[in-house]
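Listed below are the residues making up each chain.
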2 protein chains.
Amino acid sequence: MDAPSDRAWPPTPDFDTWPVEFRPVEATTDGRIVTIAWDDGRVSRYHAIWLRDNAAEPQTHNPVTREQVGHPWDLPEYLAVSAVTVAENGSVEVTFAPEGVTVAYHPGWLRALDYSNGPHDDLGEIAPTCWDARSLDIPPTFDGPDCLEDDGTLLAALKSLMEFGIVRLRQVPTDETAVQRVAERIGTIRNSNFGFLFDVRTAPVASRRSADSNAYFAGALAPHTDLATREYEPGLQLLHCLVNTTRGGRAIYVDGFAIADRIRKTDADLWRAITQIEWTFTNRSPVTDYRWRAPLVVLDGAGNLREIRATTFLRGPLNVDFADVEAAYAGLRAFQTLAAGDRFAVTFDYAPGDLVAFDNRRILHGRTAFDDATGERALKGCYMEREEVLSRIRVLRRAIRATSAA
Amino acid sequence: MDAPSDRAWPPTPDFDTWPVEFRPVEATTDGRIVTIAWDDGRVSRYHAIWLRDNAAEPQTHNPVTREQVGHPWDLPEYLAVSAVTVAENGSVEVTFAPEGVTVAYHPGWLRALDYSNGPHDDLGEIAPTCWDARSLDIPPTFDGPDCLEDDGTLLAALKSLMEFGIVRLRQVPTDETAVQRVAERIGTIRNSNFGFLFDVRTAPVASRRSADSNAYFAGALAPHTDLATREYEPGLQLLHCLVNTTRGGRAIYVDGFAIADRIRKTDADLWRAITQIEWTFTNRSPVTDYRWRAPLVVLDGAGNLREIRATTFLRGPLNVDFADVEAAYAGLRAFQTLAAGDRFAVTFDYAPGDLVAFDNRRILHGRTAFDDATGERALKGCYMEREEVLSRIRVLRRAIRATSAA
């Protein structure tokens, strides 16, 4: 690029860095639309209202918070562009009528946010890769202390988490708040009626008289998601092993999307049952009463897998059309039988320091029974949301982009 | 009723109380379905698998947690009922084959959960009543100390909150943690990057240099919802006024469902724009980067209003089909112009001790500008979820039902 090296780019209405890889060579307007021709031949078009709304100037964006202070609905209804030019450094200067205000736009920002050549990826989401026991024998595994200290390792671990729905960190310090330190490397912890952090541990039998979850007993737990009783099932769960000297209690993780996909491909009746018939999930505690109705598998508007709702031991009485009752149970049986078998499950014994982070709206977790006469078993856990992972990935990528642009 | 007064009802698989208003007079089975005739003439039918799955006996339900321990997918696939009788006290005893186990069912529970005569209301939701400035001149208002101490007052306040989307408590103590005490009368507080509790207060100008929200400045805030940048917009917000001696800063609350309904009834193009065209909402902070795509008004699968997404000052650059850009802005203009006008808004000055709880996925909140040279203004707030309100309503109703049954 032959742009001057001492150029002062105009500000952008965000905190991102926008490398300038292409340079505008011409800018024209018919008043309603600004058309920019770039030095690689691309032509981009921007509406006057879009440009005005996204102007990085103090009447439109608070330069501290980068939040909008102007309201596009307060702008003149017939806002127009009266002039547009490409400045010497490659920024684009746009004058708006009837206001008469001129705003300069950063060329890297304009190019990246061009919406006239099809939508761009503004969320930076990571597509899931489904897995079963043949394609994944252990969860993607990273060093815990490295993740706590090194941004590059953390970014790699978080990308695995988004792609496979699960990641395992090893050698995380086994103190009581380590899971919180790992969580806060990512973002905000989700509080619940089980606490900000929760314990899954062997305990004196007496304390179970008031237990509010089967997890606090020593029995096997069939693969499940947590909190399907809530409108918003947690998107993320962290489980950190502090101690494990009992016999049994082997960890089981299963990709619920893979099981759903298998049923979709093999049996239309079962597929209808697991995606259409709603179970009533209900939390039965003396002091809370959470309920939510949802099918086992929730699709988005486009028919894509959105979430698994499989806290099957928190099902209240089925309350659906009489004709759907046996189909609902057939769907439940099919789904959970696949989840309980060897074909889809990744299993391993927790070692102290293991921390598993998984997408609780996709991955089912369970355990085999353990014998609490043989020792002690203690996991510390917390809930978060998938969006915390995506936020951290974006900030880490932003930092990497800023470093490479510097 | 002539049932014996010393009857011992069988247990139920939950913590609820089930008044016995009707008595089974006959029970028959064809093996697959149990048919019960009641003393008022109703006939109810229950599938064998449904009865077995909901049996309140220790192999099926943990009697402490009331969670399921048996798995219906582990039951014999051709489970059947081999015998059924009505016991002298009116409970129904069912014997299952091939297991040979006999389970007794509570008649009040069986009657209430009868699904063969159409679905029953198992969530106990409360339908919204839309409002505007003509139908509501002040928010439904209750005494704060009464809500903290009296379950009946709290229940009435929470029902108003679910119906109108807003409730105001007055005379709540003005200490820094009172909002938390009120919140915890309901349920769990939702954590966010703005903190477990957050402050909206006049502050030295210097501290604004690092502000991460426009709310921390003194300007007007157009009516908006909070955190549309998240996949799960908080369902509930509490704002508690501790001090208010500034001039201005008048509270504005608007029923977003009423505005959406108005647009639905008057303009099909605008309705399409606000319900179909997705904005990218984005939080621009140096350390977080939350983004979510959603239309201003989100409908559920049946076309009912589900939530308003109107954190309009957290819009990132629109990233949609080129042909939809001007329509998106027209929809935004229409929606926000109605929200900013007098026709829909309820406004009032916060008095110290006022605490407003509102459905943040339905009600927009805002304020007029205030002059921070004239005094001090301090609000303390937190987020929760609608499901916490519904859980508390169910538990309060459960307690009332138990009292009246005793």
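Heads up: the structure comes first, above all this text.
Residues numbered from 1 in each chain as written. Chains lettered and ligands numbered in written order. Predicted model: local features only at pLDDT ≥ 70, side-chain atom pairs only at ≥ 80, totals over all residues. Heavy atoms only, no water.

1. Side note on the interface of chain A and chain B
Turning to step 1, where the next piece is worked out: In this complex, chain A contributes 96 residues to the contact, which on the side of chain B involves 96 residues.
Turning to step 2, where the next piece is worked out: Here chain A packs against chain B, burying approximately 8400 Å² in sum over the two surfaces, 50% of which is carbon and sulfur.
Turning to step 3, where the next piece is worked out: Of all residues in chain A, A:Trp73, A:Tyr232 and A:Phe322 bury the most surface against chain B, accounting for 11% of the area lost on that side.
Turning to step 4, where the next piece is worked out: Inspection of the chain A/chain B interface yields 14 salt bridges.
Turning to step 5, where the next piece is worked out: For B:Glu231, the salt bridge is made with A:Arg306, and the minimal N-O distance between the two is 3.7 Å. (Contact = heavy atoms within 4.5 Å. Buried area = accessible area lost by both parts, 1.4 Å probe. Salt bridge = Lys/Arg side-chain N within 4 Å of Asp/Glu carboxyl O.)

2. Regarding the side chain of A:Arg190
All names here are of chain A.
Turning to step 1, where the next piece is worked out: Among the secondary structure elements, Arg190 is positioned in the loop between helix H5 (178–186) and strand S9 (198–201).
Turning to step 2, where the next piece is worked out: On the basis of relative accessible area, Arg190 is assigned to the buried category, the value being 16%.
Turning to step 3, where the next piece is worked out: A polar contact of 2.7 Å, which involves the side chain of Arg190, links it to the backbone oxygen of Tyr232. (Helix = DSSP H or I, 4+ residues; strand = E, 2+ residues; numbered from the N terminus. Buried < 20%, exposed > 50% of the residue type's maximum accessible area, 1.4 Å probe, protein only. Polar contact = N/O pair within 3.5 Å; in protein donor to acceptor, adjacent residues only side chain to side chain.)

3. A word on the relation of the copies chain A and chain B
Turning to step 1, where the next piece is worked out: With an RMSD of 0.0 Å, chain A superimposes on chain B once it is rotated by 180 degrees and translated 0.0 Å along the axis. Such a combination of rotation and displacement between the chain copies is what one expects of a two-fold axis. (Least-squares fit on C-alpha atoms with pLDDT ≥ 70 in both.)

4. Quick word on the sheet that holds strand S13 (residues 251–255) of chain A
Residue and element names in this part refer to chain A.
Turning to step 1, where the next piece is worked out: Strand order in the open sheet made by the 4 strands is S10-S20-S13-S18, with antiparallel pairing throughout. Taken across any chain shown, the strands that pair with only one partner, and hence form the sheet edges, are strand S10 (221–224) and strand S18 (345–348). The sheet shows a mean angle of 15 degrees between the axes of neighbouring strands, direction not considered.
Turning to step 2, where the next piece is worked out: In terms of strand pairing, S13 meets strand S20 (residues 363–367) through 5 bridges, oriented antiparallel. Within the sheet, the bridge partner assigned to Tyr253 lies in S20 and is His365.
Turning to step 3, where the next piece is worked out: Running over the sheet, helix H8 (residues 325–340) touches S10, S13 and S20 and is turned about 65 degrees from S20. (Pairing = 2+ DSSP bridges. Axes fitted to C-alpha atoms, helices over the stretch in contact; angles between N-to-C directions.)

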